[in-house]
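# Remarks on the overall topology
If you want the building blocks of each chain, they are given just below.
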Amino acid sequence: MAGLLGDLADLVLPVPCAGCEAERVPLRYGVCANCAGRLEGLRVFRTSPEPPPPGLPPCVAVGAYEGPLRGVLLGYKEKGRHRLARPLGTMLATAVAALAPRGTPVTLVPVPSTAEAARERHGDHMTRLAAHTVRRLRAAGWNADVSHQLEALPRPDSTSLSVSGRRAAAEDSLRIRRPRIGVLRRVAPRKGTLVIVDDIVTTGATLAAATRRLEEANMQVVGAAILAATQLRRSSAVGFGGLPPGGREKVERRGSGIPNEG
């Protein structure tokens, strides 16, 4: 029923395309056919900021932080268009699949938002995105789960900081989530493939800090899956990371071309 009401709302209160802001065009999941085609053409690639911060894990990204992908991410994060989490989660699943073998359990650890950011955005955007990503991975045959091991502390606005300042702020802003009161236990290492997931990578400081926090708790990170990279250092395209042959067809071509969430 919630999906039906959302579709009816789109008819009554049409919104511009999240990718290019074109108005009065047919939309599905918030983007026009042209932007859907451009998103459909994205291929996962390995990326790393230059220079990479110490401790940065291997990173794969869905696309560059530009064009329709940038528009969709901004619409989802800053403009309250939460329904975009479904196609974005499916795209993020292709990046996770490039790091995680199908036969091994994979656990996603989303980079958390601060309490203030979550209030402003009506929820933690990466928590929502990780849930859709796990759902898509399971539909494609992965043994996937999500773990909220990390907790975000208040931090300064990174746009005003230098590269070294971002690293210091990131290091101080993440910690392993404390157990509930009355539960006396150490954080147990998680088995299988542990992948950090985030929306955008710029300097890599946050991903490096998250990796260190997890490894300090005896959890070994295999890599980081990212939706968009602001500094492209493309080394090799890795496609859809082992999604089944039929799964790729479903992801790319069904409906308007937005990756299908399965």
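Computed from a predicted structure; not experimentally measured.

## Let's talk about the overall build of the protein chain
Along its length, the protein chain carries 9 helices and 9 strands. Sequence separation of 24 or more characterises 76% of the internal contacts of the protein chain that already satisfy a separation of 6 or more. A total accessible area of about 13,100 Å² is found for the protein chain, and carbon and sulfur atoms account for 53% of it.

## Some words on unusual backbone geometry
The omega torsion of the bond from Glu-50 to Pro-51 falls at 0°, within 30 degrees of zero and hence cis. As for its placement among the helices and strands, Pro-51 is situated in the loop between strand S1 (44-47) and strand S2 (59-64). Of note, Glu-21 is a non-glycine position whose phi angle comes to about 65°, a positive value. Structurally, Glu-21 is set in the loop between helix H1 (2-12) and helix H2 (33-40). By relative accessible area, Glu-21 is classed as exposed at 53%. Positive phi is not limited to glycine here, since Asn-218 has a value of about 65°. Following the sequence through the fold, Asn-218 ends up in the loop between helix H8 (205-216) and strand S8 (223-229).

## As for the pairing of strand S7 (residues 193-201)
Judged by how many residues are buried, S7 sits mostly within the fold: 9 of 9 residues are covered. Pairing between S7 and S8: 6 bridges, direction parallel. Bridging from a neighbouring strand, Val-197 pairs with Ala-225 of S8. Crossover S7 to S8 through H8 is right-handed.

## Side note on the nonpolar core
Counting 42 residues, the largest nonpolar core has Leu-88, Val-197 and Ala-225 as its most contacted members. Mapped by element, the contributors of at least two residues to this core are H2, S2, helix H3 (67-78), helix H4 (85-97), strand S3 (106-110), helix H6 (125-139), S7 and S8. If you tally residues by element for this core, the top one is H4, at 8 residues. Those residues in contact with Val-197, other than ones at most four positions away along the chain, are Leu-92, Val-96, Leu-108, Val-109, Pro-110, Val-111, Met-126, Ala-130 and Ala-225. Counting residues in hydrophobic clusters, the runner-up holds 23 residues, among them Phe-45, Leu-150, Val-201 and Ile-226.

## Section: the packing of H4 against H6
One way to put it is that H4 packs onto H6 with a least axis distance of 7 Å and a crossing angle of 65°. In this structure, H4 meets H6 at a crossing whose hand is right-handed. Contacts from Ala-85, Arg-86, Leu-88, Gly-89, Thr-90, Leu-92, Ala-93 and Val-96 in H4 reach Met-126, Arg-128, Leu-129, His-132, Thr-133, Arg-136 and Leu-137 in H6.

## Considering the confidence of the model for the protein chain
In the predicted model, the protein chain carries a mean pLDDT of 78, and the fraction of residues at 70 or more is 68%. Per-element confidence in the protein chain ranges from a low mean pLDDT of 32 for helix H9 (residues 245-253) to a high of 97 for S8. Counting interchain partners and residues more than four positions distant, the pLDDT-below-50 stretch residues 232-236 has 14 contacts.

## Digging into the packing of H3 against H4
Relative orientation of the contacting elements H3 and H4 amounts to 125°, with a least axis distance of 10 Å. In terms of their interaxial angle, H3 and H4 are classed as oblique. The hand of the H3/H4 crossing is left-handed. On the side of H3, the interface is formed by Leu-69, Val-72, Leu-73 and Tyr-76, while H4 contributes Ala-85, Leu-88 and Met-91.

## A short note on the pattern of salt bridges
Tallied over the entire structure, the rule returns 4 salt bridges. Glu-21 serves as the salt-bridge partner of Lys-79, at 3.4 Å between the closest nitrogen and oxygen. Here Lys-79, found in the loop between H3 and H4, pairs with Glu-21, found in the loop between H1 and H2; they are 58 residues apart in sequence, far enough to count as distant. Residue Lys-79 is classed as exposed on the basis of its relative accessible area, which comes to 55%. We note a salt bridge from Asp-145 to Arg-138, for which the minimum N-O separation is 3.6 Å.

Rules behind the numbers
- Residues take numbers from 1 onward in each chain, read along the sequence in its written order.
- Where local features are concerned, this predicted model is filtered to residues with pLDDT of at least 70; where side-chain atom pairs are given and counted, the filter is 80 or more; whole-chain, interface and lining totals use all residues.
- Side-chain measures here rest on the full set of heavy atoms in the structure, leaving out hydrogens and waters.
- The helix and strand labels rest on DSSP assignments: H or I over at least four residues marks a helix, E over at least two residues marks a strand, and numbering proceeds from the N terminus.
- Contacts were defined at the residue level, with two residues in contact if any of their heavy atoms lie within 4.5 Å.
- For the area figures, the Shrake-Rupley method with a 1.4 Å probe applies, and any residue is considered shielded solely by the protein chains shown.
- Each residue is assigned to one of three classes by its accessible area relative to the maximum for its type, calculated with a 1.4 Å probe on protein chains only: buried under 20%, partly exposed between the two thresholds, exposed over 50%.
- Only strands joined by at least two bridges in the DSSP assignment are considered to pair.
- A clockwise course of the path from the first strand over the helix to the second, judged with the strands pointing away from the viewer, identifies a crossover as right-handed.
- Side-chain atoms within 4.5 Å are what join buried Ala, Val, Leu, Ile, Met, Phe, Trp, Tyr and Cys residues into a set we call a nonpolar core.
- To define axes, lines are fitted to C-alpha atoms, for helices over the stretch in contact only, and angles between the resulting N-to-C directions are given on a 0 to 180 degree scale.
- Handedness of a crossing is defined here by the sense of rotation of the near helix relative to the far one, left-handed for an anticlockwise turn of less than a right angle and right-handed for a clockwise turn.
- Values of pLDDT, the confidence the predictor places in each residue, fall between 0 and 100.
- Oblique is the label for every angle not falling under 35 degrees (roughly parallel), over 145 degrees (roughly antiparallel), or within 65 to 115 degrees (roughly perpendicular).
- Whenever Lys or Arg places a side-chain nitrogen within 4 Å of a carboxyl oxygen from Asp or Glu, that contact is recorded as a salt bridge.

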